[in-house]
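Here are the chains, one letter per residue:
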Amino acid sequence: VSLKQLLWCPACVSSRVITGGRHAVWAEEGSGSERNCSAIPPYLPPTAVNTTLRIRDLRASMIPLNISAYIIPATDAHLSEYIAPRDARLAWMSGFTGSAGTAVITQNKAVLWTDSRYWIQAERQIDCNWELERDGEDITNWLILEIPEGGQVGFDPFLFSVGEQTELTKYFPTNKILSIHQIIMKKKISQNYTTQSHLMQEIFSEFFCKTQAKQLSLCFSIFSGLFNLRGNDIPFNPFFYSYTLLSMDEIWLFVHIERITEELKVYLNTSCYHSYCVQLLEYSSVRTYLQSYLQRPSVRVWVGTEYTNQALYELITPEDKLLTTTYSPVLTTKAVKDATEQRILKEAHIRDAVAVMQLLVWLEKKVPEGTETELTAAHFVDQCRSKQKNSRGPSFETISASGANAALAHYSPSNETARKLSVDEMYLVDSGGQYLDGTTDITRTVHWGKPTDFQKEAYTRVLMGNIEISRSVFPAGTRGVNMEMLGRRALWEVGLNYGHGTGHGLGNYFGVHEWPVGFQSNNIPFQEGMFTSIEPGYYKENDFGIRIEDIAVTVPATTKHGNNYLTFETVSLVPYDRKLINTSLLSPEQVHWLNKYYESIRSVVGPELERQALKEEYDWMMKHTAPFLSAGASAVISSVTLLVTILGWL
């Protein structure tokens, strides 16, 4: 089996257990959840994947190529966060299915790097062939120590961004880095339309001043913005595999042409003439065509280095043909939603709030009966969303986590791991939907019994972080990284923290994680019309997890003296768990914000619940959005509020 076949054809290699020697023992379902490689024989949970033969055959393929180390990232040729099963090289080779990670295999070591969100998950999924790197050692530094004299580092250039390749070449001479080009495989997709966009015109206005051509490698920038198309190549995401080369007078779309219907061809060439119409070329021909295009005189190619893969970037020579920015103008332009996009995305969140409320009402009734699990809860919220207008399924695999599983920030239940839901444990549900008019993402954490004082304090401090970011006022152009600590401050004050980011951008029937909006150092400054999640959390290992996530849009703020200031308007409209809020920790300003938010839920979601004749959910919503009197006041609901709730429905 060749190296290319090995990484593209899981069926080429058997996954049977190797017998003989000091082999591991796989446990029965219900046994311990994490591997123990120091035991004799090593202990592996039922969720671990046997990778012995896969690693052996990869190593055999590396020898004739003189590859001392091979790097396997968790992405695809478009550097996507969410990938199709056909691109899940890291998961197949290692067993680890987290969305962030990198593996390196040498002739005597197999090492997995991932961040703290996934450490416990990795210990549940990888076998004892693998080392899990927890101490934060940089991959490049590790390679420097491991690569022998005369050895080479192998990688697939389609899976590395320009920046990642540049970082690698800082420490290794060119003759020590060997690119292994991937085999392009085909997968049938379907395509449909959503609302119209003016993105093309905006791109050209910026584009005209800078360059003659622009190469885009980020497939979803293309169909969501430039062509306003959708596909289904990636689970939970309306993406299809494609590239675009865009110049001032020509547009080329590289796609699997056999999938393009006559209707789509008409759509792509409406209101255009001659070279201004979209020219369709085969997806696999992008490198060849780009090479020929570069032979034209006076050509410059504008590349966003953050999401352009090395396999295409390396073709653009000499250097005077190249113009680079960190992000493509497609990304930065569509990060700002116009008035129509803002309106319909808010409408999608109203219907989505109904579905989440249906879940929470159902769980309050069913969990005390002891019949529901993390998995049945995940299925139920998916069903609720599927009944809402314009629903196109979940926007990601639902994180439905109870007790110790909730301490895994990105855990998703399976038949092997799903816990039964209990009134004695905290429960975290992070879920979202794809709708024709928008994408949603929301997290709520609840407790159906009696939470401990520490659980209430931790929850309240997470909520305080959410509120502090949400109510902040800041100059337009402020970077999210400069506000991010507001989400952590209440936790830091008592020595608590969380190991993931505080927010990410969001699309209109697009990706649930839309770059480059958010609170990280490589995100762009906030402007009016950007949507971001706000999602602080806290996770106590092997005990419980808390995350409170809302989607918010940047809107103008009214200030006493200055202009051009922004604040956030929260568009996720589901109340928090009153039982977990210790109001004595909240400031008067935080209580005021919370009460105003609850007023919004009542005024915006209430009519939709009435329209759908969901009386039980309406009553639940009114009960859980009763105003808090003041900081330090009890979170219980007065009889007057309950009476108003009843009369409101009548």
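Rules used throughout
Residues numbered from 1 in each chain as written. Predicted model: local features only at pLDDT ≥ 70, side-chain atom pairs only at ≥ 80, totals over all residues. Heavy atoms only, no water. Core = buried A, V, L, I, M, F, W, Y, C linked by side-chain atoms within 4.5 Å. Buried < 20%, exposed > 50% of the residue type's maximum accessible area, 1.4 Å probe, protein only. Contact = heavy atoms within 4.5 Å. Salt bridge = Lys/Arg side-chain N within 4 Å of Asp/Glu carboxyl O. Helix = DSSP H or I, 4+ residues; strand = E, 2+ residues; numbered from the N terminus. Expected span 1.5 Å × (residues − 1). Polar contact = N/O pair within 3.5 Å; in protein donor to acceptor, adjacent residues only side chain to side chain. Pairing = 2+ DSSP bridges. Axes fitted to C-alpha atoms, helices over the stretch in contact; angles between N-to-C directions. pLDDT = per-residue confidence, 0-100. Disulfide = S-S within 2.5 Å. Parallel < 35°, antiparallel > 145°, perpendicular 65-115°, else oblique. Nonpolar A, V, L, I, M, F, W, Y, C, P; charged D, E, K, R; others polar.

In the nomenclature of an unreviewed UniProt entry, the protein chain corresponds to X-prolyl aminopeptidase (aminopeptidase P) 2, membrane-bound from the organism Cyprinus carpio.

Chemist: Whenever I open this one, the nonpolar core confuses me. Can you help?
Modeler: The nonpolar side chains of a soluble globular protein tend to be buried with one another. With 63 residues, the main nonpolar core has L363 and Y576 as its most contacted residues. In this view, L363 contacts P368, A377, L421, Y427 and W448; residues no more than four positions away in its chain are not counted. Membership of the second largest hydrophobic core comes to 24 residues, among which are A84, L245, V303 and L322.

Chemist: It is not clear to me how the pattern of salt bridges should be interpreted in this structure. Could you clarify?
Modeler: Side chains carrying opposite charge are able to pair once their charged atoms draw close together. On inspection of all chains with the given rule, the structure shows 32 salt bridges. Between R419 and E425 there is a salt bridge, with its nearest N and O atoms 2.3 Å apart. For R419, a relative accessible area of 29% translates into the label partly exposed. Connected through salt bridges with shared partners, the residues R35, E123 and R134 form a single ionic network.

Chemist: I tried to follow helix α14 (residues 374–386) on my own but got confused; where do I start?
Modeler: One full turn of an α-helix is made of 3.6 residues, so residues set three or four places apart face in the same direction. With 13 residues, α14 should reach 18 Å at 1.5 Å per residue; the first-to-last C-alpha distance of 19 Å fits that figure. Burial in α14 covers these residues: E374, L375, A377, A378, V381, C384 and R385. In this structure, the buried side of α14 is in contact with α13 (339–366), β17 (391–394), β18 (399–402), β19 (426–431), β20 (433–435) and β22 (442–447).

Chemist: Sorry if this is basic, but what is going on with the side chain of E425 here?
Modeler: Checked against the element boundaries, E425 lands in the loop between β18 and β19. In terms of polar contacts, E425 uses its side chain to reach the side chain of S402, at 2.9 Å. Within the structure, the side chain of E425 is placed 2.3 Å from the side chain of R419, a separation counted as a polar contact.

Chemist: Quick question: what am I supposed to make of the sheet that holds β19 here?
Modeler: Across a sheet, strands are paired by hydrogen bonds formed along the backbone, either parallel or antiparallel in direction. Across the sheet, 3 strands lie side by side as β18-β19-β22; this open sheet has antiparallel pairing. Of all strands in the sheet, those bounded by a partner on one side alone are β18 and β22. Recorded for the sheet is a direction-independent mean angle of 10 degrees between the axes of neighbouring strands. Here α14 sits on the sheet and contacts β18, β19 and β22; the angle it forms with β18, its principal contact strand, is near 145 degrees.

Chemist: Would you explain α13 in this entry?
Modeler: Between its terminal C-alpha atoms α13 stretches 41 Å, which fits the 40 Å expected from 28 residues at 1.5 Å a residue. The N-terminus of α13 is capped by D338, whose side-chain oxygen sits 3.1 Å from the backbone nitrogen of T340.

Chemist: Explain the confidence of the model for the protein chain here, please?
Modeler: Any region with low pLDDT has predicted coordinates that should not be read closely. Mean pLDDT over the protein chain stands at 86; residues scoring 70 or higher make up 83%. Below pLDDT 50 for its whole length, residues 216–224 participates in 41 contacts with residues either more than four positions away or in separate chains. Confidence drops under a pLDDT of 50 for residues 631–650, and excluding neighbours within four residues, the segment shows 32 contacts in the predicted structure.

Chemist: Explanation requested: the state of the cysteines in the structure shown.
Modeler: By definition, a disulfide links two cysteine residues through a covalent bond between their sulfur atoms. Counted under the stated rule, the structure contains 2 disulfides. There is a disulfide in this structure between C37 and C128, and the S-S distance comes to 2.1 Å. Since a negative S-S torsion denotes a left-handed disulfide, the C37-C128 link at about -95 degrees is left-handed. Here C37, found in the loop between β1 (25–26) and β2 (43–44), pairs with C128, found in the loop between α4 (119–125) and β6 (131–133); they are 91 residues apart in sequence, far enough to count as distant. On the basis of relative accessible area, C128 is assigned to the partly exposed category, the value being 28%. Between the sulfur of C272 and that of C277 lies a disulfide, 2.2 Å long from S to S. On the S-S bond that ties C272 to C277, the torsion sits near 110 degrees, and the link is right-handed. The exposure class assigned to C272 is partly exposed, which follows from its relative accessible area of 22%.

Chemist: Just to check I follow, could you spell out the packing of α13 against helix α18 (residues 615–624) for this structure?
Modeler: Each pair of packed helices can be summarised by the angle the axes make with each other and by the distance between the axes. As a packed pair, α13 and α18 sit with axes 10 Å apart at the nearest point and diverge in direction by 90 degrees. Taken together, α13 and α18 sit at an angle that is classed as roughly perpendicular. Contact residues: α13 offers M357, Q358, L360, V361, E364 and K365, while α18 offers E616, E617, W620, M621 and H624. Considered class by class, the residues forming the contact of α13 with α18 number 5 nonpolar, 2 polar and 4 charged.

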